[in-house]
Amino acid sequence: MTSPRIKAVIFDVGGVVVRSPFIAIAAYEREHGIPDNYLNCSIVERGHQGAWQKFERGELSLLPFYEAFSHDLSDTENGNKWYREYCRRRNIDCPPLPKILNVDGRELFGAMMRLSAEYDPHILEAIRRIRAAGRHKIIALTNNYARSGADSQIPPSELEFLGWDEGGATPQQLRSLFDDFCDSSVMGMRKPEPEFYLLACKRNNLEPREAIFLDDIGMNLKAAKKLGMETIHVPIGGTLDAVRQLEVKLGIDLTGEGERLHKEDKVSKL
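Just so it is clear, the structure is predicted and the values come from calculations on it, not from any experiment.

Let's talk about the overall build of the chain
A count of helical and extended segments in the chain gives 15 helices and 5 strands. In summary, the chain has a C-alpha radius of gyration of 20 Å against a globular reference of 18 Å for 270 residues, a match within 12%. Counting only C-alpha atoms and orienting by the principal axes, one finds that the chain spans roughly 70 × 45 × 35 Å. The burial tally for the chain puts 50% of its 270 residues in the buried class. Sequence-distant contacts in the chain: of pairs separated by 6 or more residues, those separated by 24 or more amount to 70%. Accessible surface, the chain as shown: approximately 13700 Å² in total, 51% of it carbon and sulfur. Separation between the mean location of the 36 positive side-chain charges and that of the 40 negative ones in the chain comes to 6 Å.

Here is the structure:
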């Protein structure tokens, strides 16, 4: 159903506009014999003061982040406790858990960043068509690392390892897709903190109810919905379906399928 009050579409970046870093985390877990979703649990449950969270708020530069991230993810005492709780919540059998872990934070983060350099074609086409229609603002709301990634002390070899150019984590090609780019590391707050969403709206003269928000993470969507935003979940491999949901809400053909069906209908009437 079309939502006429909508004035803006707000996109998460990782896992929506570009490939999900969770794919690289899952691959790292398989390669090192770590239970499925173990590292994600450790990242999330570490909470506000975790290395990942600090990095996304711009409180850690890149090289200190590597060390802190390695330390956090190698902490099996807490990691095992959090994973057992995760299994209980999901009502799944808990597999054997590691006694010792030596997670290389640089290796893992590098794999995540290189994978995330690939844009999703369905989302890119949707953004192009929304811009061409000229009726909605296009905004990025991302837990990101632009502030840390732009550190002039990062050697070129490290930028190459991460798949970053001299612009760091947010190249101009990415920024140019949006009318506004709200980056957690620049703004000092991150999803799912309500203040981050509200600041993005304030910067763009919006009420939360005037925006549709797309993200791949449930807790980020839940926070947006609580503020009054319309939300669309974008699971891994589900971008086309998410775009189809978005085009219904906007009343704009975002996939080209409407154009194809219109042509087929004209042909059938000849």
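Next comes the rest of the write-up.
With respect to the environment of Thr239
If you trace the backbone, Thr239 turns up in helix 14 (residues 239-250). The exposure class assigned to Thr239 is buried, which follows from its relative accessible area of 8%. Contacts of Thr239, omitting those with residues within four sequence positions, involve Val16, Asp120, His122, Ile123 and Val234.

Brief notes about the side chain of Asp72
Within the secondary structure, Asp72 sits in helix 4 (residues 62-73). Residue Asp72 is classed as buried on the basis of its relative accessible area, which comes to 12%. A polar contact of 2.8 Å, which involves the side chain of Asp72, links it to the backbone nitrogen of Ala51. Setting aside residues no more than four positions away along its own chain, Asp72 makes contact with Arg46, Gly50 and Ala51.

Re unusual backbone geometry
With an omega dihedral of 10°, the bond running from Lys191 to Pro192 counts as a cis peptide bond. Note on placement: Pro192 falls in the loop between helix 11 (184-187) and helix 12 (194-203). With phi around 55°, Asn91 is a residue other than glycine that occupies positive phi space. Its place among the elements puts Asn91 in the loop between helix 5 (76-90) and helix 6 (105-115). When its relative accessible area of 73% is taken as the criterion, Asn91 is described as exposed.

Digging into helix 13 (residues 218-227)
Turning to helix 13, its buried residues are Asn220, Leu221, Ala223 and Ala224. Each buried residue of helix 13 lies within a common arc of 160° when the element is viewed along its axis, so the set occupies one face. Away from its buried face, by an angle of more than 90 degrees, helix 13 presents the exposed residues Lys222, Lys225 and Lys226. Elements that come into contact with the buried residues of helix 13 comprise helix 12, strand 4 (211-215) and strand 5 (230-233). Where helix 13 ends, the next residue or the one after it, Gly228, has phi of about 110°, a positive value.

Focus on the domain arrangement of the chain
Accessible area lost upon the coming together of the parts is a frequently used measure of interface size. Taken domain by domain, the chain holds domain 1 (8-19 + 118-268) and domain 2 (21-114). When each unit is reduced to the centre of its C-alpha atoms, the spacing between domain 1 and domain 2 is 25 Å. Domain 1 puts 25 residues into the contact, and the matching count from domain 2 is 21 residues. It is Tyr145, Phe161 and Arg190 that lose the most area in domain 1 upon contact with domain 2, and together they represent 31% of the buried surface on that side. Residues Glu56 and Arg190 are paired through a salt bridge, measuring 2.7 Å at the closest nitrogen-oxygen approach. Linking domain 1 with domain 2 are 6 residue pairs in polar contact (both at pLDDT 80 or more), by the criterion used here. Only helix 8 (146-149), helix 9 (156-162) and helix 11 provide two or more residues apiece to the side of domain 1 that touches domain 2.

Section: the sheet that holds strand 2 (residues 137-142)
Taken together, the 5 strands give an open sheet; going across it, the order is 3-2-1-4-5, and neighbouring strands pair in parallel fashion. Where the open sheet ends on each side, the last strands, each with one partner, are strand 3 (180-183) and strand 5. This sheet shows a mean twist of 20° between the axes of neighbouring strands, independent of strand direction. As paired strands, strand 2 and strand 3 are joined by 4 bridges and run parallel to one another. Following the sheet pairing, Thr142 is matched in strand 3 by Asp183. Contacts from helix 14 reach strand 1 (8-11), strand 4 and strand 5 within the one sheet, and its direction differs from that of strand 5 by about 160°.

What counts and what doesn't
Residues numbered from 1 in each chain as written. Predicted model: local features only at pLDDT ≥ 70, side-chain atom pairs only at ≥ 80, totals over all residues. Heavy atoms only, no water. Helix = DSSP H or I, 4+ residues; strand = E, 2+ residues; numbered from the N terminus. Rg over C-alpha atoms; globule rule 2.2 N^0.38 Å. Buried < 20%, exposed > 50% of the residue type's maximum accessible area, 1.4 Å probe, protein only. Contact = heavy atoms within 4.5 Å. Areas by Shrake-Rupley, 256 points an atom, 1.4 Å probe, with all protein chains shown as cover. Lys, Arg positive; Asp, Glu negative; His and termini not counted. Charge placed at Lys NZ, Arg CZ, Asp CG, Glu CD. Polar contact = N/O pair within 3.5 Å; in protein donor to acceptor, adjacent residues only side chain to side chain. Arc of directions from axis to C-beta. Domains from an automatic or database assignment. Buried area = accessible area lost by both parts, 1.4 Å probe. Salt bridge = Lys/Arg side-chain N within 4 Å of Asp/Glu carboxyl O. Pairing = 2+ DSSP bridges. Axes fitted to C-alpha atoms, helices over the stretch in contact; angles between N-to-C directions.

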